[in-house]
Amino acid sequence: MLVLRRWWPEAVLGVGVVLAILGPVLGRGYVLRYDLVFVPDPPFGAMVWGNGAELPRAVPSELLAVGLAHLLPSDVAEKVLLAGVLALAGVGAARLAPVSHPVARIAAGLAYVWNPWVYGRLHLGQWAVVAGYAALPWAYAWVLGVLRPPGGIGPGRRAAVAGGTAVVLGGPALVLAAVLSCAPALALARRWRALVAGTAALAGLTAPWLVALTNRGAAVDLDERGVAAFAVRADTPLGVLGSVATLGGVWSRHAVAVGRDRWPVALLALALAAAALWGYARVRRRWPSAAWWGLLVGAALGVVIALLPAWSVGAQAMVALVEHVPLAGAVRDGTRLLAPLALVQAVGLGMVVQWLVTAGLRPLAPVVMAAPVLLLPGLAWGLGGQLGTVRYPPEWSAVRAVVNQDPAGGALVSLPWASFRAYGWAGQVPVLDPASRAFRRPVIADQDVLVGRERIRGESPAADRVAQVLAVPGDPVAGLHRLGVRYVLIQTDQPGAAQVEARFAAAEPVRRDGTLILLRLPDAGSSSSPGSVGIGPVLGYSVLGATVLIILSHPAARRRRMLLCGHFCRRDRQ
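Residues numbered from 1 in each chain as written. Predicted model: local features only at pLDDT ≥ 70, side-chain atom pairs only at ≥ 80, totals over all residues. Heavy atoms only, no water.

(A) A look at helix α20 (residues 394–404). Turning to α20, its buried residues number three or more, namely E395, W396, A398, V399, R400, V403 and N404. Packed against the buried residues of α20 are β1 (411–415), α21 (435–438), β7 (485–491), β8 (508–513) and β9 (516–520). (Buried < 20%, exposed > 50% of the residue type's maximum accessible area, 1.4 Å probe, protein only. Helix = DSSP H or I, 4+ residues; strand = E, 2+ residues; numbered from the N terminus. Contact = heavy atoms within 4.5 Å.)

Here it is, written out as structure tokens:
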């Protein structure tokens, strides 16, 4: 009860944003949209362990999704994760802001959730990216716990560290955003032990996808055209800089909220961003100087990286970076690195509302608090009705059972050859091929992405080899057999499916059900089990598990205190 009395504004905020944004989809059924793909009864397959044909972008977020789907129905698990990341983001920002008035705390949390950045990522279905974004205020609360004595306003240090571990779910880009946010503050305060400990903890938490990436063996060959395709774009009349300042600029024009292209909305959004920066200036009196400057430096660095591809010189530098530096592809979509700026603005807006209350302008406080909602009504009620729930046709479960019960090894190729699908039973919304998550064995599918009229080459050598076989006229069975393919899945409700089916004369039909045709290649497959994990994922997840246990355990030992960076690191000299 004591916790509820202290945290009631955050509780109201968390429940409110979940109902307001996800209200139409909180019933049963799956939300399928672009990268947001959940399947019924998902197995611990190749994508979970990073053994699939694609880059291990879904590591370790897919493990969390699949693990939760084994405890709850898969569609319920999807809603729990979506609701959880939104609530985590709002509560984290509300508790981070150094304000005491309930309306000010709600204003900070609401500004962090209700903005064009979150709208764009939800529209693209990037729930894991939003999870990393949601963890950012908790990670920075850990920094504040290092830089100031206990007793200040904000989440407890243990809660901050526990919540901050979720930042790795957002992948390399959000990990980089966390580094940009936290490292400058620790460096400015000369908390070198805390910086080393934080780096060690971050390395442990990212071990699964680092090991999975290493196990691929070959260098990641990124298409340099992706730099321009995923570059920041003006989505307001204010140009690129004004769009970025108001937390927009996403590369996809479809992921821009309605109304952002209107001058009144754009000018009001810019005025709100300026007011938030003024409010953040007042935070300097309540935070340690290093913490205040550190977050500001991180936000500035994120903005610079996001803007680089918009300039010719910067685009050339980014292309060179992507070609020669591993994991540099994480910054191709530079607008992800606006997350620190969003945190600066959220904290600042909370301070603006706090100042209005204390300055005798109390009637204006609710107006400023609600301003993000008024400027972006399209985020409400499932992105303005764009989100809905669907159910998979029964043939998906039948085909999945046949493939997953086969003890023989070998991959599955999903056809027609296209990375995104549009299903009539799912409202024709573009969605990544669900086959990659439905089967235990590796699934090889097209990894190329269409951005406008530009086709950006994927990063999967296995997919490239299959594409070369499919490009040769005639029956591709022999060529796919040499690549270790055992099954071919043809989705007949997709364009070009009839022509694809006609080519596989030598394949054995296993099941023809509804919109799916399952073919088995004669004498295909390897001797290894399709469910084998391998030493790499075991090592990576073991390191991650050990790191989490150390972080969450009671800090009785000196080594644990070092990772938690509590009073141990306060012995460092300034």
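(B) Region of the structure containing the sheet that holds β1. The mixed open sheet is built from five strands, whose spatial order is β4-β1-β7-β9-β8. Each end of this open sheet is capped by a strand with a single partner; those strands are β4 (443–444) and β8. Sheet topology places β1 next to β7; five bridges connect them, and they run parallel. When the sheet's bridge partners are listed, L412 is paired in β7 with Y487. (Pairing = 2+ DSSP bridges.)

(C) View of the pattern of salt bridges. Within the structure shown, the criterion is met by 18 salt bridges. We note a salt bridge from D448 to R455, for which the minimum N-O separation is 3.1 Å. Classification of R455 as partly exposed rests on a relative accessible area of 36%. Taking the shortest distance from any N to any O, the salt bridge between R511 and D513 comes out at 3.3 Å. For D513, a relative accessible area of 23% puts it in the partly exposed group. Here the salt bridges do not stand alone but share partners, grouping E10, R95 and R105 into one network. (Salt bridge = Lys/Arg side-chain N within 4 Å of Asp/Glu carboxyl O.)

(D) Examining the environment of L195 more closely. Positionally, L195 belongs in helix α10 (residues 192–205). Considering only alpha carbons, one finds L195 and V143, 52 residues apart in sequence, at a separation of 9.6 Å. Leaving out residues up to four positions away in the same chain, L195 has contacts with A183 and L186.

(E) Region of interest: the packing of helix α7 (residues 127–147) against helix α9 (residues 171–188). Between α7 and α9, the shortest axis-to-axis distance is 9 Å and the interhelical angle comes to 15°. As judged from the angle between their axes, α7 and α9 are roughly parallel. Where α7 crosses over α9, the two elements pack in a sense that is right-handed. Between α7 and α9, the contacting residues are V129, G132, Y133, L136, A139, Y140, W142, V143, V146 and L147 on the first element and L174, A177, A178, S181, C182, A185 and L186 on the second. For the contact of α7 with α9, the residue count by class is 15 nonpolar, two polar and no charged. (Axes fitted to C-alpha atoms, helices over the stretch in contact; angles between N-to-C directions. Parallel < 35°, antiparallel > 145°, perpendicular 65-115°, else oblique. Left-handed = near helix turned anticlockwise from the far one by under 90°. Nonpolar A, V, L, I, M, F, W, Y, C, P; charged D, E, K, R; others polar.)

The analysis is restricted to geometry; functional conclusions fall outside its scope.
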